[in-house]
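Structure at a glance
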Amino acid sequence: TRDHPQESTHPNMQVCLLRSHQAWFLRNFLRHVTIPHIMRLLVLPMLRKFSADFLLGVDREGIILASLLASRLSATYAFISFEIMFAAETSLTYKAPEIEACRDIQFALIQDPLRGERLMKENRISEERLLFAPVAGHGVMEGRHGLLRQKLGIPETIRIALSIGSTQNWTLVPEILETTRDWPRDWCLVIHHRYGITENLKQRAEEMGVGNIYFSSEGHIPAKDLGGLLGDADVGLGFYKATFEGPFTGNNLKYLGFASGKISTYLQYGVPVLCNDIGPYSDAIIENGAGYRVSEVSEISKMLAHIPPLSPEIIGRCRSFFAEQLDSTITIPPVATRIMDAATRRD
């Protein structure tokens, strides 16, 4: 067995991991070998034998595996798309096995119509097979006030702009860090990397010599403990930029839609969002009075100076937006129904 940062969220859920060398081989094999017959010949013997009524394939490698296993098990299967791979950024050859694997899917789960339109084109999926569910958790949650401040030594008089998740260039976190010199005196930046990888940013913060940057070093936090991280945040930073440095950070981010897990998490805990112009999500945040938007990172300092103190009213607007439009409590039941219908119709 190996450690992994995901949690079993149901008592009937079991996580089975490949051995490290098997996972490495399979990952690279699926990226570079694009002939379905060869995939079937070499991949299937590696996979543990089991029975299943229905299979869910996540992203490119997952749907390819699901299609291979479905033929062996005589099971139906479906596609969950979190990352859209664009042929223009990979190749038609690279896309071919993914497109073939999607040919017999029962449905494709995608975050919103904007991303659905792109997925239809890239994977040649018909519109009637699309189901929509934003990346979001289950139920409105309460934060735990005081814990983050206590751990990092942040006074109550200092307001917190929290950044969670990745800190890669496409999140604009490195650029945001550079703006902290100009931030109002009563604001600080707290950075929580999902895996605790912040050494380069820590070094840069030390070089800058500012005292308003803090780093959470806990790494992966179980979902049940997120309240301790979010309970003291005055705003949550949700910035994205398509850098086109690779297939995950090009059009996949340009057409972000409602695929941001960190933005939905902020709103789930009643934390207003400060973001850049990221399309439908930032439009919805403004329309629902659940946060603030800037055009450029350089405008953050000025915006912070005008953000009013956190109030029950804006906390309520954030939670209402989440509960009414994002909550998996309302988006997943239709998906579960489709799965049950498909599973009972298996040959």
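I will try to describe carefully the structure that is included in this document. (Residues numbered from 1 in each chain as written. Predicted model: local features only at pLDDT ≥ 70, side-chain atom pairs only at ≥ 80, totals over all residues. Heavy atoms only, no water.)

**Describing the overall build of the chain**
Put simply, the rule reads: Only DSSP runs of H or I reaching four residues or more are called helices, and only runs of E reaching two or more are called strands; each is numbered from the N terminus. C-alpha atoms define the radius of gyration, and 2.2 Å times the number of residues to the power 0.38 defines the globule rule. Contact definition: two residues touch when any of their heavy atoms are within 4.5 Å. Each accessible area is a Shrake-Rupley result for a 1.4 Å probe, and residues are judged covered by the shown protein chains and nothing else.
Helix and strand content of the chain: 16 helices and 10 strands. Computed over its C-alpha atoms, the radius of gyration of the chain comes to 22 Å, within 12% of the 20 Å expected for a compact globule of 347 residues. Counting only C-alpha atoms and orienting by the principal axes, one finds that the chain spans roughly 65 × 40 × 40 Å. Within the chain, counting contacts between residues at least 6 apart in sequence, those at least 24 apart form 68% of the total. Summed over all atoms, the accessible surface of the chain reaches about 17600 Å², with 52% contributed by carbon and sulfur.

**Structural notes on a nonpolar patch on the surface**
Test applied: Any residue with relative accessible area above 30% and no salt bridge may belong to a patch, with like charges joined within 9 Å and the nonpolar Val, Leu, Ile, Met, Phe, Trp and Tyr side chains within 5 Å. Any Lys or Arg side-chain nitrogen located within 4 Å of an Asp or Glu carboxyl oxygen qualifies as a salt bridge.
On the surface, I35, I38, L41 and L42 cluster together to form a nonpolar patch covering roughly 350 Å² of accessible area. Mapped onto the fold, L41 is located in helix α2 (residues 36–43).

**Thoughts on the sheet that holds strand β1 (residues 54–58)**
We count it as follows: Two strands are counted as paired when DSSP detects at least two bridges linking them. Fitted lines through C-alpha atoms give the axes, limited to the stretch in contact for helices. The angle between two N-to-C directions lies from 0 to 180 degrees.
On the basis of which strands lie adjacent, the open sheet formed by 4 strands has the order β1-β2-β3-β4 and parallel pairing. The open sheet terminates on both sides in strands that have one partner only, identified here as β1 and β4 (130–132). Within this sheet the neighbouring strands show an average axis-to-axis angle of 25°, counted without direction. Two strands pair when backbone bridges link them, and strand β3 (residues 108–110) and β4 are joined in this way by 3 bridges, in the parallel orientation. When the sheet's bridge partners are listed, A108 is paired in β4 with L130. Packed onto the sheet, helix α5 (residues 113–123) meets β2 (76–80), β3 and β4 and runs at close to 155° relative to β4.

**Notes on the pattern of salt bridges**
Applying the stated criterion across every chain, the model contains 13 salt bridges. In this structure, R60 and E61 form a salt bridge, with 3.4 Å as the shortest nitrogen-oxygen distance. Sharing partners across several salt bridges, the network here consists of E178, R181, R204 and E207.

**Section: the side chain of T331**
Its place among the elements puts T331 in helix α15 (residues 328–331). Not counting the four nearest positions on each side in its chain, T331 is found in contact with F132, A133, P134 and L326.

**Looking at α5**
This is how it is decided: Exposure categories follow from relative accessible area, calculated using a 1.4 Å probe and restricted to protein chains: below 20% of the type maximum is buried, above 50% is exposed, and the middle band is partly exposed. Note: the arc covers the axis-to-C-beta directions of the helix. Any pair of nitrogen or oxygen atoms within 3.5 Å is treated as a polar contact; in protein, a donor-acceptor pairing is required on top of that, and neighbouring residues in sequence qualify only through side-chain atoms on both sides.
The complete set of buried residues in α5 reads R115, G116, L119, E122 and N123. Buried positions in α5, seen along its axis, are confined to an arc of 135° and lie on one side of it. Opposite the buried face of α5, at more than 90 degrees from it, the exposed residues are P113 and K121. Close packing links the buried residues of α5 with β2, α4 (92–101), β3, β4 and α10 (251–254). Sitting at the amino-terminal end of α5 is D112, which places a side-chain oxygen 3.0 Å from the backbone nitrogen of L114. A positive phi of about 55° marks R124, the residue just after α5.

**Looking at unusual backbone geometry**
The phi dihedral of D59 falls on the positive side, at around 60°, and the residue is not glycine. Residue placement: D59 occurs in helix α3 (residues 59–73). Exposure remark for D59: the relative accessible area of 15% places this residue in the buried category. Unlike most non-glycine residues, S74 shows phi in positive territory, near 55°. Structurally, the position occupied by S74 is in the loop between α3 and β2. Looking at S74, the relative accessible area reads 43%, which means it is partly exposed.

**Considerations on the sheet that holds strand β5 (residues 159–165)**
With parallel pairing, 6 strands are arranged side by side in an open sheet as β7-β6-β5-β8-β9-β10. Only two strands of the sheet have a single neighbouring strand rather than two, namely β7 (213–216) and β10 (291–293). Averaged over all adjacent pairs, the angle separating strand axes in this sheet is 25°, with direction ignored. The pairing of β5 with strand β6 (residues 187–193) spans 7 bridges and is parallel.

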